[in-house]
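Structure at a glance
Okay, here's what each chain looks like letter by letter:
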Amino acid sequence: MSNKRAVITGGAGFLGSHLCEKMLENGIDVVCIDNLLTGSVDNISHLFGNDHFSFIKHDVTNFIHVPGNVDYVLHCNVNPIGPRGVYDEAKRFAEAITMAYHRFHGVETRIVRIFNTFGPRMRLNDGRALPAFISQALKGEDITVFGDGSQTRSFCYVSDLVDGIFKLLMSDTSDPVNIGNPEEITIREFAEEVVRFTGSKSKLTFLDLPVDDPKVRQPDITRAKNLLNWEPKVSRNEGLIKALDYFKGAALHS
């Protein structure tokens, strides 16, 4: 009997590559599609010898047909380039069109709302606070904090996030589910934490807060707990320890 088969778009990216591994670990064949705009072959090169894994370089804004049966499609190609309004509307539209397919065509769908995630294979220049702070601290540069640093964020380690996504995929839940770590910290406190964690002598510098920058970003994971029996297991500090060698290497070559 042949394995089930998953198509993962953006599969050579940070989250996508970890999802590829998760599917393979659970006996699911993977077709990884990525245009490598922000992803990297380095993130998936260790999978090339696996007979259950294949890679297609392609931009999914253009039509593509994947021959054979496909049991799961995990669509991760969100483009964060441009004004934040476009980014937000793109995600809202994706949810709307997904639910339309579910209701009108009877297609099984899942919607995951992903909150700040970190771990190996992150791009240090992707504009998010955690990789930026760690990169600056490891290089001994001043850490740039926007506003007064009172805005909050919460950070989920990638293995927890991927576990939550997999559990959602295997569930029968079609409504959106938040997957993230609700442990909240202010940006200023986190910047100071990174300095201590890395042993850096970096100082904090403050710049004007960007327009529409969220003041609070903390997921309510009640639905994930109740429907999926999921909650994060890895603390922020434990995750930073796990990922430190990767961050050091990435900062060295950036």
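Here we summarise the structure given alongside this text. Worth saying up front: this structure is predicted, and the values here are computed from it rather than measured.

Below, the discussion takes up the overall build of the protein. Across its full length, the protein holds seven helices and twelve strands. A compact globule built from 254 residues would reach a C-alpha radius of gyration of about 18 Å, and the protein, at 19 Å, matches this within 12%. Its C-alpha atoms give the protein principal-axis dimensions of roughly 55 × 40 × 35 Å. Counting every position in the protein, which comprises 254 residues, the buried fraction comes to 43%. Long-range contacts, defined here as pairs at least 24 residues apart, represent 77% of the contacts in the protein between residues at least 6 apart. When the accessible surface of the protein is split by element, carbon and sulfur atoms take 51% of a total near 14,000 Å². Both charge centroids of the protein, one from 28 positive and one from 32 negative side chains, sit 1 Å from each other.

Time to look at the nonpolar core. By size, the foremost hydrophobic cluster in this structure holds 53 residues, and its most contacted members are Met23, Val30, Phe53, Leu74, Leu130 and Phe133. If you tally residues by element for this core, the top one is helix H4 (residues 158-169), at seven residues. Once residues within four sequence positions are removed from consideration, Val30 is found in contact with Ala6, Ile8, Cys20, Met23, Leu24, His52, Phe53 and Ser54.

Quick look at the sheet that holds strand E4 (residues 72-75) now. The strand order across the open sheet built from four strands is E3-E2-E1-E4, with neighbouring strands paired in parallel fashion. Of all the strands in the sheet, just strand E3 (53-57) and E4 have a single pairing partner and so form its edges. Strand-to-strand twist in this sheet, taken as the mean axis angle between neighbours without regard to direction, amounts to 15 degrees. Across five bridges, the pairing between strand E1 (residues 5-9) and strand E2 (residues 29-34) is parallel. In the strand pairing of E2, Thr9 is matched with Ile33. With respect to the sheet, helix H1 (residues 14-25) is in contact with E1, E2, E3 and E4, its orientation differing from that of E1 by roughly 175 degrees.

Moving on to the pairing of E2. Of all six residues making up E2, six are buried, and the element is well covered by its neighbours. Side chains Asp29, Val31 and Ile33 project from E2 onto one buried face, and the interleaved Val30, Cys32 and Asp34 project onto a second face that is buried too. Between the parallel elements E1 and E2, the chain passes through H1 in a crossover that is right-handed. Bridging between E2 and E3 involves five bridges; their strand directions are parallel.

A separate point is H4. Between the first and last C-alpha of H4 there are 16 Å, a value that for twelve residues agrees with the 16 Å anticipated at 1.5 Å per step. Among the twelve residues of H4, ten are classified as buried, and the element is accordingly described as predominantly covered. Buried within H4 we find Val158, Asp160, Leu161, Val162, Asp163, Gly164, Ile165, Phe166, Leu168 and Leu169.

Attention now goes to the pattern of salt bridges. As enumerated under the stated definition, the model contains ten salt bridges in all. In this structure, Asp163 and Lys22 form a salt bridge, with 3.5 Å as the shortest nitrogen-oxygen distance. On the criterion of sequence distance, the pair formed by Asp163 in helix H4 and Lys22 in helix H1 is long-range, its members being 141 residues apart. Each member of the pair, Asp163 as well as Lys22, carries the same accessibility label: buried. Ionic pairing is found between Glu192 and Arg188, a salt bridge with its closest N-O pair at 3.4 Å. Taken together, the positions of Glu192 and Arg188, both in helix H5 (residues 187-198) and four residues apart, correspond to about one turn of that helix. Taking relative accessible area as the criterion, Glu192 reaches 31% and is therefore assigned partly exposed. A residue is classified by how much of its surface remains accessible, and Arg188, at 37% relative accessible area, is partly exposed. Residues joined by salt bridges that share partners form a network here, namely Lys22, Asp163 and Lys167.

So, on to the packing of aromatic side chains. For the structure on display, the rule yields six aromatic pairs. Here the aromatic cluster, defined as three or more aromatic residues joined through ring pairs, consists of Phe48, Phe53 and Phe55.

Rules behind the numbers
Residues numbered from 1 in each chain as written. Predicted model: local features only at pLDDT ≥ 70, side-chain atom pairs only at ≥ 80, totals over all residues. Heavy atoms only, no water. Helix = DSSP H or I, 4+ residues; strand = E, 2+ residues; numbered from the N terminus. Rg over C-alpha atoms; globule rule 2.2 N^0.38 Å. Buried < 20%, exposed > 50% of the residue type's maximum accessible area, 1.4 Å probe, protein only. Contact = heavy atoms within 4.5 Å. Areas by Shrake-Rupley, 256 points an atom, 1.4 Å probe, with all protein chains shown as cover. Lys, Arg positive; Asp, Glu negative; His and termini not counted. Charge placed at Lys NZ, Arg CZ, Asp CG, Glu CD. Core = buried A, V, L, I, M, F, W, Y, C linked by side-chain atoms within 4.5 Å. Pairing = 2+ DSSP bridges. Axes fitted to C-alpha atoms, helices over the stretch in contact; angles between N-to-C directions. Right-handed = clockwise from strand over helix to strand, strands pointing away. Expected span 1.5 Å × (residues − 1). Salt bridge = Lys/Arg side-chain N within 4 Å of Asp/Glu carboxyl O. Phe/Tyr/Trp six-rings, centres within 6.5 Å; stacked < 30°, edge-to-face > 60°.

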